[in-house]
Amino acid sequence: MSSPVFRGLAVAALAAAIPALPLAAQELRIGFASEPSSADPHFHNVGPNNQMRRNLFESLVGTDEAQQLLPLLATSWEPISDTAWQFNLRQDVTFSDGSPFDAHDVVYTVCRIPGVPDSPSLFTTYTGGIVDMEVPDPHTLIVHSAEPYPLMPTEFSTFGIISARANGVDGAAIEFSPDGCGDLNYPGTQAFNDGSAAIGTGPFLMESFRRGEGITLVRNPDYWGEPAAWERVTMLPLTSAGPRVAALIAGDVDLIENPPLQDLERLRSDDSLRVVQGISNRVIYIHLDHEQVPSPMITGTDGVNPLQDIRVREALSIAVNRDAIVERIMGGVAVSAGELLPPGMFGAHEEGDLPPQAFDAERAQALLAEAGYPNGFGITLGTPNDRYINDAQVSQAVAQMWSRIGVTTEIDASTASTFFSRRNAQEFSAYLAGWGAGTGEMSSPLRALLATRNPDTGMGGTNAGRYANPEMDAILMEALRTVDDAAREQLLRDASRMAMEDFAIIPLHYEVSPWAMVATVDYTPRADQYTLPYDVRPAQ
Amino acid sequence: MLVFLLRRLAQSVFVLIAMMIVVFFGVYMVGNPVDILISPDATPREIEETMARFGFDQPVHIQFLSFVGNALQGDLGRSFVHGESAVSLILSYMPATLELALLGLIFSVLIGVPLGVYAGYKADRWQGRAIMTGSIFGFSLPNFWVGMLFILIFAVELRWLPSTGRGDTVEVLGLRLSIFTADGLSHMILPALTLALYKASLVTRLARAGTQEALMQDYVKFARAKGLSETRILVVHVLKNIMIPIITVLGLELGSMIAFAVVTETVFAWPGMGKLLIDSILTLDRPVIVAYLMLTVIIFIVINLIVDVIYTLLDPRVRVKGEAA
C-alpha cells in the first residue's frame, strides 16, 4: 500500500467520501445529445456550437425562450435610416481577460467572420449584407447595408463578440470594408479549443474543452449581469439516447436534453425527476416536386407530374390525419401544423387563424378523381431515418394514409448523410424534412423552402421541390425590406397564407422538445431547442 | 527469415493501398459532407464557396490524386468537421481506447483463466458444465445489450458505479489516462467488463481445453505421485503450460479490441477512437474515416507481423517451412 499510486487512490477515495454539499449544490452536470465541433464561436454555424458559444461569447442582441429579441451587449437599437441601424452598447462590460468591451470589438468580430480557415459553415450568412460600420463613439455602433435590412438586429443575435485588444489589435485603427479589413491578427480555431483565446463577455469561463469527453465551464466572477447560479458546469456529450436517460436516472447528470419519447412516461412517474417540454421553432413538412416532368418517383401517370395540379396537392394534404400522427406516433409530444411556424412566433398566424388542414379522406378521393386520377397513382416518399424525432415512422404513417386514398406510396428511408445529398439533387418527388426557424420569424422558412430559387439572392436555398410563385415572392421581398415590425408581420402572414392556400407544401407538425432533470433544478423550454446552463435554475 | 519478412511487408503495403482506394471512393459515393455540415440558412453561393474550400468542386479522380499525393508526404488531410489534422485528432482519442482495451484484456484473463482451469479440472462434473454453458452467453449476447444491462444493474439500480463518461484523468508520460485515478478507474469498470465478456469466454474455453489435456500428461501424474496438493499442481504446473496458446490468441484479439470497441464506447459515452469513427461516419468526415481505417489496418499488420516473428522464433518448424518455401 506504500506505492504513490495506491496512496493517491486512498486519498482520492477519502476525498470522495467527505460530503461537500455546498460545492455539489453549485455544480451542474448536463448530458447533451450532440457535441460542438469547436469552441471557436465563428468556426461552424451549427446548433451545438451556437448553443455552446452563448455561455462564453455574448452577441449584441439576445433571444428569449420564444426567440423574441432581448438587449444583451447592446442595450437598445433602432433604424436611423432605411439602410442603417444604430446599436447603443452596454457600458462597463469587460472581457474575461479584463479588456473593456466597446464597438470596435464588434467591428473586429465582423472582420474575422469571413476568413475563418477550414470552416465548414461560415457566419457570412448573417454578416454578408453589411456594407459599412461606423463607430461615432466607443459605445455607439452604426451599421449600414446596401438595402433595407429589417432583420439586422435578429442576425446580430447569431454571432458572439470577441475582443480586439485581447488579440493584440487596436480596435480604433480598424478600417472596415466588406471585402476584408486589411491584415489583422486573428486567433486560430485551435486557440479557442485550447482555451487561450476563449475570452468573451459571457456568464461562464471555459475551463476545458475535451472532444468526446466534455466541456467544463466555471462561473465568470466579473460578469456584468446576474452571476450564474452554478460555480461549475460540466457538459457531457451523451449522444445515444438510452445511455443519456440512464445517466440521469443513475444520478450521473442533473439534466439531459432530448430524452426519447418512449421514456417520457417513465421519467414523469419518478418523483425525484422533472420533465418539461415546449413547442420548438421546427416544423416537420412534406415538400412536393413542382418542377420536374416527369417527376422521378411517380408512376402510373403517363409521364405527367400530378403534383403540379393544386387539387392533387390538396388531396395529399387533407388525406393526412395530423392529429393521429401526433397522438400515436409522437406520443402527444408534438403539435399539428397549419403553416411553417407555430402560433406566437413572429409572422405566424394567431392560434386558430390558419388551422391545420382537417383530415377528410373522402374529399381527398373526390379531388383526385376531379383531377383525373380516379385510380390514384404511385409515388415514393423520401425520408431521413435518424434526423428528426420518429421521422421514418411518421413517413410510414403518411404513406399508409396516402395509400388509403389510392395514391400507392412507398417509403425510401436513408440516413441523414445520404438523404440530404439525394434531396438536394432532386431525386425525390416528395420528401419529409424539417425546418427550424433560426431567426424565429416566418421569413426564415418562407425564404428557404418556398421562395423561388435564386442562387444569386440566396432565396429558396432549401426549396428542393422548386415551388415558384412570383406573387408570393413579391410579398415576401417586400416584407424583407420593411423595417416597421407591425407592417412586416402582416406581410409575412399574407405570404404564408398565400402559400398555404396554394398547398405549396404540406406542413405536418411542430416538434415539441422535452428536457428531463432532477427535481432540484428547473429549466424553461426554449423554442430554439438550446440548453443553456445560465438559464437552468435551482428549483424553488 | 529476411525473405519471409520482406514478403510479409510487401503484402501489407498492398493491403494498405487497396484499403485506401476502397474507403476513399466508398465514402465519396455516400454523399456530400457539405450538405450536412453547412447551416441550412446558408445561401447557394456560400455552399459553393464551402465546396471549393474543401476541394469538392474538383472531379473525384483529382480529389483522390491530391489525397494520395498528400498521403505520401504523411498528411492524411484535415477533418472537415473539426478543422484539425485527422491523424492528430485520432491520436488524441487513442489513449482512452488503449487503456480501455488493456483493462478489458486484464479482466478477460482474470475471469477467463481461473474459470477455464476450474472447468477443465471438473470437466465431467456439474461445475464444469455450468461454466461452459455460461461461456456460451459470453459469446452470444450482443455487446450493446450487455452494456445497457450493466448500466441498469450497477449504475441505475445499485448505484455502485458511474454509468457514463471518463471521470478524472491524470497526465502520465504526456498521455491523459483514467486508469490511475480512483474516479477514472470506477468509470472504466463497466465498459471494460462489457468489452471483456466475449474475450473472457474465449479464454475460458481455451483454458479448459488446455487444462484437460495437461491433466493427462505424465508430469501431472508425477506431481500427484510426489504428493503435491491439487491446487499447487493446477496453479503452478498446469497454468504455466496452458498460457502459451492463450497469450497468442489474446495478442490477436487485442487488435480487434482496440479497433472495434465502437459499440461499447458508444453505450458508455467513452471518448475513444471508436466513438470518433461513428461520429465521423455520420457526418461523412472523409479524412478521419480514411485515416482511422488505415491506422486500423496498420495496427493489425503490425500485430500480425510481431506474432509471426515470435512464432518463427519460438517454433523452429515454422522457420524451417518459411526457408524451404
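Note that the coordinates shown come from a computational prediction; the quantities given were computed from them, not determined experimentally. (Residues numbered from 1 in each chain as written. Chains lettered and ligands numbered in written order. Predicted model: local features only at pLDDT ≥ 70, side-chain atom pairs only at ≥ 80, totals over all residues.)

Visitor: Even after reading the chapter, I still don't get the overall build of chain B, so can you show me in this structure?
Guide: Helix and strand content of chain B: 14 helices and 2 strands. Taking the principal axes of the C-alpha coordinates as reference, chain B spans close to 85 × 60 × 35 Å. Counted over contacts in chain B with a minimum sequence separation of 6, partners at least 24 positions apart contribute 70%. (Helix = DSSP H or I, 4+ residues; strand = E, 2+ residues; numbered from the N terminus. Contact = placed C-beta atoms within 7 Å.)

Visitor: Help me understand the pairing of strand S4 (residues 74-81) of chain A, please; the structure alone is not making it clear to me.
Guide: Taken residue by residue, a regular strand's side chains alternate between the two faces of the sheet. Residue and element names in this part refer to chain A. Relative to strand S5 (residues 84-89), S4 runs antiparallel, the two being bridged by 6 bridges. In the sheet register, Pro79 faces S5, and the bridge partner there is Trp85. The loop that links S4 with its antiparallel partner S5 comprises 2 residues. (Pairing = 2+ DSSP bridges.)

Visitor: Explanation requested: the nonpolar core in the structure shown.
Guide: Generally speaking, nonpolar side chains in soluble globular proteins are found buried as a group. Leu60 and Val107 of chain A together with Ile90, Leu100 and Ala291 of chain B are the most contacted members of the largest nonpolar core, which totals 147 residues. In terms of residue count, the dominant contributor to this core is helix H8 (residues 182-215) of chain B (14 residues). Both domains that meet at this core, namely domain 1 (27-258 + 519-538) and domain 2 (279-512) of chain A, each give it at least three residues. Ignoring anything within four residues of it in the chain, the contact list for Val107 of chain A reads Met133, Val135, Gly171, Ile174 and Phe176 of chain A. Counting 71 residues, the second-largest nonpolar core is a separate cluster that includes Leu307, Ile405, Met442 and Leu450 of chain A. (Core = buried A, V, L, I, M, F, W, Y, C linked by C-beta atoms within 7 Å. Buried ≥ 20, exposed ≤ 12 C-beta atoms within 10 Å, placed from the backbone. Domains from an automatic or database assignment.)

Visitor: What exactly am I supposed to notice about the environment of Pro237 of chain A here?
Guide: By secondary structure assignment, the location of Pro237 of chain A is in strand S10 (residues 232-237). Accessibility expressed as a C-beta count within 10 Å gives 24 for Pro237 of chain A, which makes it buried. Each C-alpha atom of the pair Pro237 of chain A and Ala33 of chain A lies 6.1 Å from the other, and the pair is 204 residues apart in sequence. Beyond its immediate sequence surroundings of up to four residues, Pro237 of chain A is in contact with Phe32, Glu35, Gly212 and Gly214 of chain A together with Ala269 of chain B.

Visitor: Help me understand the sheet that holds strand S7 (residues 140-145) of chain A in this model?
Guide: Pairing between sheet strands relies on hydrogen bonds along the backbone, with the strands arranged either parallel or antiparallel. All names here are of chain A. With antiparallel pairing, the 4 strands of this open sheet are ordered in space as S4-S5-S7-S6. Lying at the two open borders of the sheet, with one neighbouring strand each, are S4 and strand S6 (130-137). Recorded for the sheet is a direction-independent mean angle of 20° between the axes of neighbouring strands. (Axes fitted to C-alpha atoms, helices over the stretch in contact; angles between N-to-C directions.)

Visitor: Could you clarify how one ought to interpret the interface of chain B and chain A in this entry?
Guide: Interfaces are frequently sized by the accessible area removed from exposure as the parts join. Counting from both sides, the interface comprises 48 residues of chain B and, opposite them, 45 residues of chain A. Secondary structure elements with two or more residues in the side of chain B that touches chain A: helix H2 (33-37), helix H3 (44-54), helix H5 (86-121), helix H7 (143-157), H8, helix H11 (262-267) and helix H12 (273-282) of chain B. With 5 residues, the top contributor of residues to the side of chain B that touches chain A is H7 of chain B. Within the side of chain B that touches chain A, the residues separate by chemical class into 25 nonpolar, 14 polar and 9 charged. (Nonpolar A, V, L, I, M, F, W, Y, C, P; charged D, E, K, R; others polar.)

Visitor: How do you make sense of the pairing of S10 of chain A when you look at a structure like this?
Guide: All names here are of chain A. With respect to burial, S10 is a largely interior element, 5 of its 6 residues being buried. Direction of pairing for strand S1 (residues 27-32) relative to S10: parallel, over a ladder of 6 bridges. Note on S10: the bridge partner recorded for Arg29 is Thr234. Both strand S9 (residues 214-219) and S10 contribute to a ladder of 4 bridges, which runs antiparallel. If you follow Val218 over to S10, its bridge partner there is Arg232.

Visitor: Is there a simple way to think about the packing of H7 of chain B against H8 of chain B in this case?
Guide: To characterise two packed helices, one gives the angle between the axes of the helices and the distance between these axes. Residue and element names in this part refer to chain B. Between H7 and H8, the least distance of the axes is 10 Å, while the angle of their chain directions is 145°. The element H7 and its partner H8 pack so that their crossing is right-handed. Counting all contacts with H7, which are made through Asn143, Val146, Gly147, Phe150, Ile151 and Phe154, the residues of H8 involved are Leu190, Leu193, Thr194 and Leu197. The residue inventory of the contact of H7 with H8, partitioned by class, reads 7 nonpolar, 3 polar and no charged. (Left-handed = near helix turned anticlockwise from the far one by under 90°.)

Visitor: Could you clarify how one ought to interpret the packing of helix H10 (residues 310-318) of chain A against helix H12 (residues 361-370) of chain A in this entry?
Guide: Residues and elements named next belong to chain A. Axis separation between H10 and H12 bottoms out at 8 Å; the angle between their running directions is 160°. By the criterion of interaxial angle, the relationship of H10 to H12 is roughly antiparallel. Of the two elements, H10 crosses H12, and the hand of that crossing is left-handed. Contacts between H10 and H12 pair Arg311, Val312, Glu314, Ala315 and Ile318 from the former with Arg363, Ala364, Leu367, Leu368 and Glu370 from the latter. Here the contact of H10 with H12 is built from residues that sort into 6 nonpolar, no polar and 4 charged. (Parallel < 35°, antiparallel > 145°, perpendicular 65-115°, else oblique.)

Visitor: Would you mind going over helix H10 (residues 230-259) of chain B with me for this structure?
Guide: Turn by turn, an α-helix covers 3.6 residues, leaving residues three or four places apart pointing in a common direction. Residues and elements named next belong to chain B. Here H10 contains 30 residues, and its C-alpha end-to-end distance of 40 Å stays within 8% of the 44 Å for a straight helix at 1.5 Å per residue. Largest kink in H10: about 50°, centred on Leu239. Every buried residue of H10 is listed here: Val238, Ile242, Ile246, Met257, Ile258 and Ala259. (Expected span 1.5 Å × (residues − 1). Bend = angle between axes of the 7 residues up to and from the residue.)

Visitor: What is the right way to look at the UniProt feature "transmembrane region" (unreviewed entry) in chain B in this model?
Guide: All names here are of chain B. Under the feature "transmembrane region" (unreviewed entry), the UniProt entry names residues 12-31, 100-121, 133-155, 175-198, 242-269 and 289-314. Between the end C-alpha atoms of residues 100-121 there is a gap of 31 Å, over a span that is 100% helix and 0% strand. For residues 133-155, the end-to-end C-alpha separation is 27 Å, with 91% helix and 0% strand making up the annotated structure. (UniProt positions renumbered as here; feature names shortened; annotations may be inferred.)

Visitor: I'm lost on the confidence of the model for chain A in this one. Help?
Guide: Detailed reading of the predicted coordinates is not advisable wherever pLDDT falls low. The predicted model of chain A has a mean per-residue pLDDT of 91, with 95% of residues at 70 or higher. Segment residues 1-23 of chain A: pLDDT under 50, and 9 contacts once partners within four positions in sequence are set aside and those in other chains are kept. (pLDDT = per-residue confidence, 0-100.)

Visitor: Any chance you could explain unusual backbone geometry here in plain terms?
Guide: Both trends apply: most residues other than glycine have a negative phi, and most peptide bonds are in trans. Residue Val293 of chain A is joined to Pro294 of chain A through a cis peptide bond whose omega torsion reads -10°. Along the polypeptide, Pro294 of chain A turns up in the loop between strand S12 (273-288) and strand S13 (298-299).

Visitor: Sorry, what's going on with the domain arrangement of chain A here?
Guide: All names here are of chain A. Partitioning chain A into domains gives domain 1 (27-258 + 519-538) and domain 2 (279-512). Its C-alpha centre places domain 1 at a distance of 33 Å from the equivalent point of domain 2. Taken residue by residue, the interface counts 13 residues in domain 1 and 13 residues in domain 2. Here the side of domain 1 that touches domain 2 is composed, by residue class, of 6 nonpolar, 4 polar and 3 charged.

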